[in-house]
Amino acid sequence: MSEAEARRRVEQLCRELAEHDWRYYVLDQPRIDDATYDALLAELRALEQRYPALRRSDSPTQRVGGAVGEPFAARRHGLPMRSLDNVTDAAGFAEFDRRARERSGQPPPLAYTVEPKLDGLAINLHYEQGALAWAATRGDGEQGEDVTANVRTVRAIPLRLRHPEPPAVLEVRGEVFLEIAAFRALNRRLATAGEREFVNPRNAAAGSLRQLDPGVTSSRPLRFLAHGVGQCEPETMLPHWQDEVMALLAACGLPTAPVRQVLGPDDAAAHFADMQRQRARLPYEIDGVVFKLRDRRLHPVLGVAGRAPRWAVAWKFPAEQRTTQVEQVEFQVGRTGVLTPVARLVPVFVGGVTVSNATLHNLDEIERKDVRVGDTVWVRRAGDVIPEIVSVLPEARPPGAQPVEPPSRCPACGGALERVAGEAALRCVNHLGCPAQRREALRHFVSRRALDIEGLGERLIDLLLERDLVRDPADLYALTVTDLAELPRVADKSAANLYAAIARSRQAPLSRLLYGLGIPGVGERTALTLAQWFGDLETLRRADVEALQAVPDVGPVVAQQIVEFFADPHNQAVVERLGSCLHITPAPAPAAQGPLAGKSFVLTGTLAEMTRQQAKARIEAAGGQVTSDVSRRTDYLVAGTAPGGKRRRAEEMGIAILDEAQLQAMLAGQD
Ligand code: IVH
C-alpha cells in the first residue's frame, strides 16, 4: 500500500470508527459486532504504527495516552459555568415563575424545558473548529481543572463534532457520571483488590475523572450527557429555543439529556411528579428536575443573581427516607476525644448509598429522639450529608427496650471521661494515650488538606498502629521502605510510592502543618491566618492568649485552646520532633504592599460580578484581609444584595460600608 493509499484508508477508518462509537455509545444502536469493530481498530493501529505521521489526534486509537499535568492545570471557561438555585415545592416553583414573568414582561404561561438533574460532575467541553480542544471541571465557575486527557477516554464524547460547518468555538456543558450498575461493579472490583470503595456514583465519577493516569479513567465506564452550551462563536449558530439547542447538540453527535417542554407552573408540577415516579427506573441517579426558560432570548433579560441564572431553577426531590432497625448504639472517639453516639443499623439503601451507620450527634439528641436499641427508625440521607435518624416509629418498639446509657469510661481506652463544658458531650481525657484519638489524629494529619500523604488510608494507618510502628505523626518520618513493604498486602511498588509520598510531605507549608496538628478550634482557615500572622512555628508556640486574640478570627475560646495545646508535654514533644524532620515553609505573607495592605474586610450579601470566594481571593491578593465577623478591627464592610445582620452591626459600629463597585475601584488601586 502506498503512503497516499494509507492516508485515505486511515481517514476512512477514523471516520467509520467514530461513526460506530456514536452508534454504540450515544444512540445505543450498534450496527456491527464487537469483533468487527476490534478488527477495524486493529487495522487502523497497524497503519498508524507503520506511518506514524498519519496518526491524527482525533483518531479513535488516541483516546488513552495523552499525559496529565500534575496537578491539573487551570483552564478559564469561555463563559462562566453557573450553578442553579433550588426550589423544593410547588409554591417555590410558582414564585420562581412569577419573578420570571415579572422580569421578562411576558404574558403567562411561560414555556420551560424540563430535564433530569443529573447527579454527576459538571464538565465543560471546549470544541474549536469542531475538534475537542480541551475539557475542564467546573471549579469555581470561572476556571476549572484541565481534565482533557481523561475526558478523551469517555467514548460517548466525540473528539470531533458531526457537523459539516462546526462553529469556530463551541462549549458543551454537561455531566459526567457513572450508571448505578457500573458504580456497584466498580466497587466490587475495588473491594476485591483491597482498595477503598466509593460512597456513591457521584464520588466515583469524580474520583475517576480526577485520576492522574488516563489508563485508569478509561477502565471506568464513565458516561456523559450534555445539558447546555457555554461560549459559541458565532453566537448566531445557536437557535432561539433551548430544546432546539439540545437538538443541535444531538445532531453534532453528543449524547443529550432527555428534554421535554411544559407551559406554566401547573404543568411543571405535573412533570415533576412524573419524573419522581420515573426516578427509580432510571439507570443513573438524579436528584431533581431542571427547568429552563425555553426562549433563550429572554435569558440575558433575566440575567444572573449571584452564582445562578434567573432563567433556570432546580426543583429538588425531597431527601429520600427509609425505615430500618437500630442494632446497636456505640460511642466513637474522635480526634479531640469527644464521644459521638453512632447508631449501627441494619443496612438500607437510601439516597443512593447503602447506609449502615447514622450519627446521633450527642446525648441530647438521643434523648430528644428517644432512640433505643431494637427500634425501627426513619433514616434520611440528602446529598453528601451524613445519614441521620429522623424519628422513631414508637408502635414498632420491642417490649423492654431500654434508653441508651452514656458510657462511664472511654470505649476505646477505658480511661476517664469528662463532660465538655456547656455541651451535651463527653470527652476522653486520655488524649494521645487513647488509641482511638491517636488513630483519628493520624488520619487527620495525612488527609488531603493537611499534609496530604497520598496512599496512606485507614487500613494502613490501623496496621501501622497495631504493629506499633507509629504512635504519632512524627513517627511517620522514621518509617523505612522495608517497614512498609513488610505490611500485609502491600506490594513493593506501593511501599515505594508510599515512602515517596511521605518524603514529599516533609516539604510542609506552615498553614497545613498547623491544620494537620488538629488543634481544637483551628480549621483550615484559622490555620492559614495563624501562619500568616506569626510567620513561623516558634513564634506561634510562644504566643500567649492575648497575642492570639489579636489575630483576626481568633476569639478567647480558640486562643485558650491553642495555648493549652502547645502547653501539653506530649504535644510539645511531637511538635519538636516534627520541627526537626520537616522542612516547614513559611506561609505566604499577606502581601505587605498592594492597594489594600493592612486593611481588614468583611463580606456580606450576594455580589453580582464575583463570588464571595473570588472577592476574598482578590482582596487578599491586594494585601487586605477578610474575616467572617464584624469587629472593632474591621475597616470595611462590603455589602452585596440581601446583606443581613452584619450590615446593621457595621452601621452601629460606624464601619465604612462599600458596595461592589467601590470595592472594585479599591482593588484597582483607584481609591
Ligand atoms: S444547567 C446555568 N441542567 O447541576 C445552568 N445543570 O446545581 C447551569 N446539573 O453545575 C446548569 N443536571 O452541573 C443544568 N439538566 C441540567 C443539569 C445540571 C445536573 C448540574 C450542573 C450544575 C449543577 C447546579
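Note that the coordinates shown come from a computational prediction; the quantities given were computed from them, not determined experimentally. (Residues numbered from 1 in each chain as written. Predicted model: local features only at pLDDT ≥ 70, side-chain atom pairs only at ≥ 80, totals over all residues. Heavy atoms only, no water.)

Asks: Break down the overall build of the chain for me, citing the residues and quoting the values.
Replies: A count of helices and strands for the chain gives 24 helices and 26 strands. Here the chain has a C-alpha radius of gyration of 28 Å; the compact-globule value for 671 residues is 26 Å, and the two agree. Dimensions along the principal axes, computed over C-alpha positions, put the chain at roughly 80 × 70 × 65 Å. In the chain, buried positions account for 44% of the 671 residues. Of the contacts formed within the chain by residues at least 6 apart in sequence, a portion of 66% connects residues at least 24 apart. For the chain, the exposed area adds up to about 32,700 Å²; of that, 49% sits on carbon and sulfur atoms. Of note, the chain has its 83 positive side-chain charges centred 2 Å away from the centre of its 87 negative side-chain charges. (Helix = DSSP H or I, 4+ residues; strand = E, 2+ residues; numbered from the N terminus. Rg over C-alpha atoms; globule rule 2.2 N^0.38 Å. Buried < 20%, exposed > 50% of the residue type's maximum accessible area, 1.4 Å probe, protein only. Contact = heavy atoms within 4.5 Å. Areas by Shrake-Rupley, 256 points an atom, 1.4 Å probe, with all protein chains shown as cover. Lys, Arg positive; Asp, Glu negative; His and termini not counted. Charge placed at Lys NZ, Arg CZ, Asp CG, Glu CD.)

Asks: Talk me through the environment of Arg63; I want residue IDs and the actual numbers.
Replies: Turning to its location among the elements, Arg63 is positioned in the loop between α2 (34-50) and β1 (74-76). Note: C-alpha distance between Arg63 and Glu486 (423 residues apart in sequence) is 38 Å. If we ignore the near neighbours within four places in the chain, the residues touching Arg63 are Asp21, Ala149, Arg152, Thr153, Val154, Arg155, Ile157, Pro158 and Leu159. Looking at Arg63, its side chain comes within polar contact range of the main-chain oxygen of Arg152, at 2.9 Å. (Polar contact = N/O pair within 3.5 Å; in protein donor to acceptor, adjacent residues only side chain to side chain.)

Asks: Tell me about the sheet that holds strand β5 (residues 131-137), and name the residues and values.
Replies: Strands pair in a sheet through their backbones, by hydrogen bonds, and they do so in one of two ways: parallel or antiparallel. Spatial strand order, β5-β4-β7-β8: four strands in an open sheet with antiparallel pairing. Strand pairing shows two members of the sheet lacking a second neighbour, β5 and β8 (223-233), which therefore form its edges. The sheet shows a mean angle of 25° between the axes of neighbouring strands, taken without regard to direction. Of the strands in this sheet, β7 (169-177) and β8 are in contact with helix α8 (residues 242-251), which crosses β8 at around 110°. (Pairing = 2+ DSSP bridges. Axes fitted to C-alpha atoms, helices over the stretch in contact; angles between N-to-C directions.)

Asks: Help me get a handle on the site of the ligand, residues and values and all.
Replies: In the vicinity of the ligand, 15 residues are found, and the nearest of them are Glu115, Pro116, Leu118, Ala122 and Glu175. Counting only elements with at least two residues in the shell around the ligand, the list comes to β3 (111-118) and β10 (286-293). Sort the elements by how many residues they give to the shell around the ligand and β3 lands first, with four residues. Among the residues forming the shell around the ligand, the class breakdown is seven nonpolar, two polar and six charged. (Near = heavy atom within 4 Å. Nonpolar A, V, L, I, M, F, W, Y, C, P; charged D, E, K, R; others polar.)

Asks: Any details on the layout of surface pockets? Residues and values, ideally.
Replies: If a probe the size of a water molecule is rolled over the atoms, the empty space left behind becomes visible. Counted as a void, the second largest pocket has a volume near 660 Å³. In terms of lining residues, the second largest pocket is bounded by 32 residues, among which Asp21, Tyr24, Tyr25, Tyr37 and Arg155 are the most central. At the level of elements, α1 (3-27), α2, α7 (214-218) and β8 are the ones that each hand at least two residues to the lining of the second largest pocket. Its residues assigned to classes, the lining of the second largest pocket shows 13 nonpolar, six polar and 13 charged. (1 Å grid on protein atoms, 1.4 Å probe; cavity = no way out; pocket = protein on both sides within 12 Å on 5 of 7 lines; lining within 4 Å. Points joined across faces, edges and corners; volume = space filled by probe spheres on them.)

Asks: Account for the side chain of Asp58, naming residues and giving values.
Replies: Note on placement: Asp58 falls in the loop between α2 and β1. Looking at Asp58, its side chain comes within polar contact range of the side chain of Arg56, at 3.1 Å. Looking at Asp58, its side chain comes within polar contact range of the side chain of Arg160, at 2.5 Å. If we ignore the near neighbours within four places in the chain, the residues touching Asp58 are Leu159 and Arg160.

Asks: Now, about the side chain of Asp146: what can you tell me, with residues and values included?
Replies: Relative to the elements of secondary structure, Asp146 occurs in the loop between β6 (143-145) and α4 (148-151). The exposure class assigned to Asp146 is buried, which follows from its relative accessible area of 16%. Looking at Asp146, its side chain comes within polar contact range of the side chain of Arg75, at 2.7 Å. Among residues more than four places away in sequence, those in contact with Asp146 are Phe72, Ala73, Arg75, Trp134, Ala135 and Ala136.

Asks: Outline helix α12 (residues 435-446), supporting the account with residue identities and numerical values.
Replies: When the terminal C-alpha atoms of α12 are compared, their 17 Å separation across 12 residues agrees well with the 16 Å that a helix rising 1.5 Å per residue should span. A large share of α12 lies buried, amounting to nine of its 12 residues. Buried within α12 are the following residues: Ala436, Gln437, Arg438, Glu440, Ala441, Leu442, His444, Phe445 and Val446. Tucked into the core, α12 has its buried residues touching β14 (320-333), β20 (426-428), α13 (458-466), α16 (510-516) and α21 (569-581). (Expected span 1.5 Å × (residues − 1).)

Asks: So what's going on with the pattern of salt bridges? Residues and values would help.
Replies: In this structure the tally under the stated criterion is 44 salt bridges. Here Arg541 and Glu538 are joined by a salt bridge, their closest N and O atoms 3.4 Å apart. Taken as a pair, Arg541 and Glu538 lie in helix α18 (residues 537-542) at a separation of three residues, close to a single helical turn. For Arg541, a relative accessible area of 21% translates into the label partly exposed. Here the salt bridges do not stand alone but share partners, grouping Arg439, Glu440, Arg443, Glu458 and Asp462 into one network. (Salt bridge = Lys/Arg side-chain N within 4 Å of Asp/Glu carboxyl O.)

Asks: Explain the sheet that holds strand β26 (residues 656-658) residue by residue, including any values.
Replies: Judged by pairing direction, the sheet is parallel, and its four strands sit side by side in the order β24-β23-β25-β26 without closing on themselves. Of all the strands in the sheet, just β24 (625-627) and β26 have a single pairing partner and so form its edges. Taken over all neighbouring pairs, the strand axes of this sheet differ in orientation by 35° on average, direction set aside.

Asks: Before we move on, can you summarise the nonpolar core with the specific residues and values?
Replies: Membership of the largest hydrophobic core comes to 53 residues, with the highest contact counts inside it found for Ile453, Leu476, Tyr477 and Leu530. Of all elements in the fold, only α12, α13, α15 (492-504), α16, α17 (524-534), α18, α20 (556-567) and α21 reach the threshold of two or more residues within this core. Here Leu530 is in contact with Leu514, Val522, Gly535, Leu540, Leu548, Val551, Val554 and Ile562, once residues within four sequence places are set aside. In this structure, Tyr127, Val154, Leu161 and Val229 belong to the second largest nonpolar core, which totals 36 residues. (Core = buried A, V, L, I, M, F, W, Y, C linked by side-chain atoms within 4.5 Å.)

Asks: Tell me about the state of the cysteines, residues and numbers included.
Replies: A disulfide bridge is the covalent bond that connects two cysteines by way of their sulfur atoms. Taken as a whole, this structure holds zero disulfides when the rule is applied. Cysteine Cys14 remains unbridged, with the sulfur of Cys252 as its closest cysteine sulfur at 19 Å. Cys232 provides the cysteine sulfur closest to Cys252, a residue in no disulfide bond, and the two sulfurs are 9.2 Å apart. (Disulfide = S-S within 2.5 Å.)

Asks: Give a detailed account of empty space enclosed by the protein, specifying residues and quantitative values.
Replies: Within the structure shown, the criterion is met by one cavity of 30 Å³ or more. The calculated volume of the largest cavity comes to roughly 30 Å³. In terms of lining, the largest cavity is formed by Phe331, Leu339, Pro341, Asn362, Leu363, Ala424, Ala425 and Leu426. Class assignment for the residues of the lining of the largest cavity results in seven nonpolar, one polar and no charged.

Asks: Let's hear about unusual backbone geometry: which residues, and what values?
Replies: Across the junction of Pro108 and Pro109, the peptide omega takes the value -5°, indicating a cis bond. Structurally, the position occupied by Pro109 is in the loop between α3 (90-104) and β3. With a phi angle near 60°, Asp468 is a residue other than glycine that sits in the positive phi range. Residue position: Asp468 is located in the loop between α13 and α14 (481-485).

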